[in-house]
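# Examining the three-dimensional arrangement
Each chain, written out:
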Amino acid sequence: MPELRHAESVPDDLRTLAEEAWEDFLAAVPARHDCFPAVTLEAAWELDTRAEYRPDSATLVVRVPGTPATLRSELLHEFAHHVEFTCSEHDELREDLLRAQGFPADSDWFGGHSWETTPSEHYAEATVELVEGRRTHQGGILLTPAAVDVVRKWGAGL
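Residues numbered from 1 in each chain as written. Predicted model: local features only at pLDDT ≥ 70, side-chain atom pairs only at ≥ 80, totals over all residues. Heavy atoms only, no water.

Before going further, it helps to spend a moment on unusual backbone geometry. The peptide bond linking Val 64 to Pro 65 adopts the cis configuration, its omega dihedral lying at 0 degrees. The residue Pro 65 is located in the loop between β4 (59-63) and α2 (68-86) in this model. Unlike most non-glycine residues, Ala 58 shows phi in positive territory, near 50 degrees. Note on placement: Ala 58 falls in the loop between β3 (51-54) and β4. (Helix = DSSP H or I, 4+ residues; strand = E, 2+ residues; numbered from the N terminus.)

And the structure:
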C-alpha cells in the first residue's frame with residue numbers, strides 16, 4: 001500500500017485530516033496501489049497557491065491554515081497529481097478523459113493556457129469529485145459526469 005509521509009512542518013490536525021483523505025483516496029483507486037510510491041506532505045504558512053505537487057521530490061505542499069473542507073479538497077487534488085506523475089499506467093485514462101471533457105484528442109495534457117484549460121487539472125478535479133461526491137471549489141472547471149466516471153473506472157481497473 002502506498003504511504004503518506006509527513007514532514008515535521010505538518011501539524012497534528014492536518015496530519016489527521018490528511019490521513020483520512022489519503023485512505024479515502026486509496027479507496028477510490030484500489031486497482032492502482034502498486035503503481036505509485038509514497039508521497040510526502042509538507043505544510044507551508046506562505047505559498048503562492050493553496051497547494052502544489054512537486055514531482056521532483058514526490059512532495060505535496062499545502063498552505064495552512066485553511067478550513068478542513070478546503071484542505072481536504074486540496075489534498076485529494078494533489079494526491080491525483082502525484083499519481084499522474086509517478087504511475088505510468090496513468091496514460092491509459094488520458095484519451096478517455098480528454099474526450100469526456102471535450103478537449104481535442106491531441107491536447108497537451110499539461111499545457112493549457114490557464115489552470116482551467118489544462119487537462120491535467122480537469123483530471124485532478126474529477127478525482128476530488130469522485131472521492132467527495134462534490135467539489136468545494138469549482139475554479140472555473142466544469143466536469144462532465146463522464147469525466148468522473150473515466151477516473152472511477154481507471155482507478156477500479158475496469
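So much for the structure itself; the text now carries on.
Our next topic: the pattern of salt bridges. Taken as a whole, this structure holds 13 salt bridges when the rule is applied. Its salt-bridge partner being Glu 92, residue Arg 32 comes within 3.4 Å of it at the nearest N-O pair. Taken together, the residues Arg 32 in the loop between α1 (12-28) and β2 (39-44) and Glu 92 in helix α3 (residues 91-100) connect sequence positions 60 residues apart. Residue Glu 92 is classed as partly exposed on the basis of its relative accessible area of 49%. Linking Arg 99 and Glu 95 is a salt bridge whose minimum nitrogen-to-oxygen distance equals 3.7 Å. With Arg 99 and Glu 95 both in helix α3, this residue pair falls four residues apart, about one helical turn. Glu 95 matches Arg 99 in its accessibility class, with the two residues each being exposed. Residues participating in the shared-partner salt-bridge network are Asp 24, Arg 72 and Glu 132. (Salt bridge = Lys/Arg side-chain N within 4 Å of Asp/Glu carboxyl O. Buried < 20%, exposed > 50% of the residue type's maximum accessible area, 1.4 Å probe, protein only.)

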